[in-house]
Amino acid sequence: ISSVELTEHYLKRIEQFDGALNSFITVAPELALSQAKAADQRLADGTATALTGIPLAHKDLFCTQGLRTSCGSKMLDNFVAPYESTVTARFIEAGAVTLGKTNMDEFAMGSSTESSFYGPTRNPWNTEHVPGGSSGGSAAAVAARLCAAATGTDTGGSIRQPAGFTALTGLKPTYGRVSRWGMIAYASSLDQGGPMARTAEDCALMMQVMAGFDSQDSTSVDQPVADYSASLNDSLKGLRIGLPKEYFASGLDAATADAIQAAVKQFQALGAEVKEISLPNAELAIPAYYVIAPAEASSNLSRFDGVRFGYRCEHPADLTDLYKRSRGEGFGAEVKRRIMVGAYALSAGYYDAYYLQAQKIRRLIKNDFMAAYEQVDVILCPTSPTPAFKIGEKIDDPVSLYLTDIYTITANLAGVPGIALPAGFANGLPLGMQLLGPYFSEARLLNIAHQYQ
Ligand code: GLN
């Protein structure tokens, strides 16, 4: 099959099914077909890579030159970036095809893709349910076979939680492994791009393209990139898996707990040793994250002022009016809430009480992981307390939505990598679990996920 045929196949599926799912904000058939033609040429002349001609979708916060990048916001509804993000540039260089840009929570703030300016995305397994978020468009598009694989970003779980809600495999790499250049910033010390795909094998191929040093990102780590596919078939004999007891306490849905117990048996059958461990500061993660992430967001989002790019209000009376109304009209409710919380936490009188405390907790959480990795190689735990909830169920109660991030945000605070993988189904909805590893253990995580699958 040629890349043009494959691309046409996916474009047709998008046309047929995306009306019901709303997983794409922008579909780019012309761009995709011209890239597919070029890919077929490369396949013919022997310059192809593993991803040449493979149709992908990108979360709509990776800047793409000449193709709108909205970040799920009215603020950037008209924004066409003048440059390409490092991640998407690497995919283009590898010869992959860009089918379009996927729906997401506005500025990646959310866990359900309901805060998008473009309306919610629906979960293909049950369209009354959310696909998770913030990378819910990418998750739904891959799960519904509207693209071969997709990119996502994970600040507090936005790759792993939607992967769990849609039966996909999604990898949040070590902080600094994948370049953030050209990725619209939410919380810069937590944001990390990664692959969302049907299998660990596909994630490995995607990671091979995405990972690597980038001098344009000051937090990019200059360390050799592993061969992510080479170790997929390594044995799990002797692998030490830890189950953090705090993650299996109250609040965890029974079907998810059972599914993880079944997975434990399978890992043991594959030769792994499983034991209980402790991450004692886990319960502090939500309050710390919901200070740090909004604080960084309030600073990052100050650039959207109606002057340089993005939405500008009509007929401003003066400069202050232009700032106020452009931001007031351009940002949605959740984004405004985060900006207010963040600006408050950073303000002179409250910095010590909130931001500084949160940073100290962050260090304790990191230390918990470091201590755990002295006893075990990886940590196995759920991705979220419940399977996908219903659209509308939590949107009016932000705190209940924040609480769903309880198992994912610790990895971002510590900067360690995590892979979400399918753990089964209950009542027709996917259950998710994740493996967290030490810094730069992506190849091992992919190997374990592959052996399990
Ligand atoms: N749900 C979390 C938040 O709203 C995480 C989102 C993300 O990882 N981008 O901040």
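Residues numbered from 1 in each chain as written. Predicted model: local features only at pLDDT ≥ 70, side-chain atom pairs only at ≥ 80, totals over all residues.

The chain is annotated in an unreviewed UniProt entry as Glutamyl-tRNA(Gln) amidotransferase subunit A from Halopseudomonas laoshanensis. Per its UniProt entry, the chain bears the Function (unreviewed entry) comment "Allows the formation of correctly charged Gln-tRNA(Gln) through the transamidation of misacylated Glu-tRNA(Gln) in organisms which lack glutaminyl-tRNA synthetase. The reaction takes place in the presence of glutamine and ATP through an activated gamma-phospho-Glu-tRNA(Gln)." Database annotation for the chain, UniProt heading Subunit (unreviewed entry): "Heterotrimer of A, B and C subunits." (UniProt positions renumbered as here; feature names shortened; annotations may be inferred.)

Chemist: Kindly report on the nonpolar core, identifying the contributing residues and their values.
Modeler: Counting residues in hydrophobic clusters, the biggest one holds 132 residues, and the most contacted among them are Leu56, Leu99, Val142 and Cys147. Looking at which element gives the most residues to this core, the answer is helix H8 (residues 285–300), with nine residues. Here this core spans two domains, since at least three of its residues come from each of domain 1 (3–210) and domain 2 (286–353). (Core = buried A, V, L, I, M, F, W, Y, C linked by C-beta atoms within 7 Å. Buried ≥ 20, exposed ≤ 12 C-beta atoms within 10 Å, placed from the backbone. Helix = DSSP H or I, 4+ residues; strand = E, 2+ residues; numbered from the N terminus. Domains from an automatic or database assignment.)

Chemist: Run through the pairing of strand E5 (residues 169–172), naming residues and quoting values.
Modeler: A two-sided burial pattern is seen for E5, the buried positions comprising Thr169 and Leu171 on one face and Gly170 and Lys172 on the other. Pairing of E5 with strand E6 (residues 193–197), which is carried by two bridges, proceeds in the antiparallel orientation. The residue of E6 that forms the bridge with threonine 169 is alanine 197. As defined by bridge partners, E5 adjoins strand E10 (residues 418–426) across three bridges and the pair is classed as antiparallel. Directly across from leucine 171, in E10, lies its bridge partner isoleucine 419. (Pairing = 2+ DSSP bridges.)

Chemist: Outline the domain arrangement of the chain, supporting the account with residue identities and numerical values.
Modeler: Assigned domains of the chain: these are domain 1 (3–210) and domain 2 (286–353). The centre of domain 1, based on its C-alpha atoms, is set 26 Å off from the matching centre of domain 2. Contacts between domain 1 and domain 2 engage 20 residues on the former and 17 residues on the latter. Split into classes, the residues belonging to the side of domain 1 that touches domain 2 amount to 10 nonpolar, seven polar and three charged. (Contact = placed C-beta atoms within 7 Å. Nonpolar A, V, L, I, M, F, W, Y, C, P; charged D, E, K, R; others polar.)

Chemist: Explain the sheet that holds strand E4 (residues 149–153) residue by residue, including any values.
Modeler: Read from one edge to the other, the open sheet built from 11 strands follows the order E1-E3-E2-E4-E6-E5-E10-E11-E9-E7-E8, with strand pairing classed as mixed. Whereas interior strands pair on both sides, the edge strands pair on one side only; in this sheet they are strand E1 (24–27) and strand E8 (273–277). Neighbour-to-neighbour, the strand axes of the sheet open up by a mean angle of 30°, direction not taken into account. The sheet contact formed by strand E7 (residues 240–244) and E8 spans five bridges and is parallel. Residue pairing across strands places arginine 240 opposite glutamate 273, the latter belonging to E8. Lying on the sheet, helix H2 (residues 29–45) is in contact with E1, strand E2 (55–59) and strand E3 (97–102); it crosses E3 at an angle near 155°. (Axes fitted to C-alpha atoms, helices over the stretch in contact; angles between N-to-C directions.)

Chemist: How would you summarise the UniProt feature "domain: Amidase" (unreviewed entry) in the chain if you had to cite specific residues and measurements?
Modeler: Mapped onto the present numbering, the UniProt feature "domain: Amidase" (unreviewed entry) falls at residues 5–446. Across residues 5–446, the secondary structure splits into 38% helix and 14% strand, with the terminal C-alpha atoms separated by 30 Å.

Chemist: Give a detailed account of the UniProt feature "active site" (unreviewed entry) in the chain, specifying residues and quantitative values.
Modeler: According to UniProt, the "active site" (unreviewed entry) feature falls on Lys59, Ser134 and Ser158. With the annotated positions falling across 100 residues, the maximum pairwise C-alpha distance of 10.9 Å places them together in a single cluster. Since 33 C-beta atoms lie within 10 Å of it, lysine 59 is described here as buried. Beyond its immediate stretch of four places on either side in the chain, lysine 59 contacts Thr102, Met104, Ser135, Gly137, Ser138, Thr151, Gly152 and Thr153.

Chemist: Please give an account of the packing of H8 against helix H11 (residues 352–375) that cites residues and values.
Modeler: Taken N-terminus to C-terminus, the directions of H8 and H11 make an angle of 125°; their axes are 9 Å apart at the nearest point. Judged by the angle between their axes, H8 and H11 are oblique. Read as a crossing pair, H8 and H11 show a hand that is left-handed. Facing Ala285, Ala288, Val291, Ile292 and Ala295 of H8, the residues of H11 in contact are Tyr354, Tyr355, Ala358, Ile361, Arg362 and Ile365. Taken together, the residues of the contact of H8 with H11 sort by class into 10 nonpolar, no polar and one charged. (Parallel < 35°, antiparallel > 145°, perpendicular 65-115°, else oblique. Left-handed = near helix turned anticlockwise from the far one by under 90°.)

Chemist: So what's going on with the site of the ligand? Which residues, and what values?
Modeler: The environment of the ligand is formed by 13 residues, the closest being Ala108, Ser111, Thr155, Gly156 and Ser158. The residue inventory of the shell around the ligand, partitioned by class, reads four nonpolar, seven polar and two charged. (Near = placed C-beta within 6 Å.)

Chemist: Requested: an account of helix H1 (residues 3–21), with residues and values cited.
Modeler: At glutamate 15, H1 shows its maximal bend, which comes to roughly 40°. Listing the buried residues of H1 in full gives Ser3, Thr7, Tyr10, Leu11, Ile14, Asp18 and Leu21. Positive backbone phi, approximately 60°, marks asparagine 22, located one or two places after H1. (Bend = angle between axes of the 7 residues up to and from the residue.)

Chemist: Give a detailed account of the packing of H8 against helix H10 (residues 333–346), specifying residues and quantitative values.
Modeler: Here H8 crosses H10 at 100°, and the two axes come no closer than 7 Å. If you check the angle between H8 and H10, you find them roughly perpendicular. Residues Val291, Pro294, Ala295, Ala297 and Ser298 of H8 form the contact with H10, whose own contacting residues are Arg338, Ile339, Val341, Gly342, Ala343, Ala345 and Leu346. Residues belonging to the contact of H8 with H10 are distributed by class as follows: nine nonpolar, two polar and one charged.

Chemist: Summarise helix H4 (residues 136–143); cite the residues concerned and give the values.
Modeler: Of all eight residues making up H4, eight are buried, and the element is well covered by its neighbours. Positioned one or two residues after H4, arginine 145 has a phi angle of 60°, which is positive.

Chemist: Tell me about the pairing of E4, residues and numbers included.
Modeler: Looking down a regular strand, the side chains alternate between one sheet face and the other. Taking burial as the measure, the five residues of E4 include five buried ones, the bulk of the element. Here E4 shows two buried faces, one formed by Ala149, Thr151 and Thr153 and the other by Ala150 and Gly152. Pairing of E4 with E6, which is carried by four bridges, proceeds in the antiparallel orientation. When the sheet's bridge partners are listed, alanine 150 is paired in E6 with methionine 196.

Chemist: Break down unusual backbone geometry for me, with residues and values.
Modeler: Omega for the peptide link from glycine 133 to serine 134 comes to 5°, which places this bond in the cis form. Within the secondary structure, serine 134 sits in the loop between E3 and H4. Of note, phenylalanine 107 is a non-glycine position whose phi angle comes to about 50°, a positive value. Along the chain, phenylalanine 107 falls in the loop between E3 and H4. One non-glycine residue with positive phi stands out, namely alanine 167, at about 65°.

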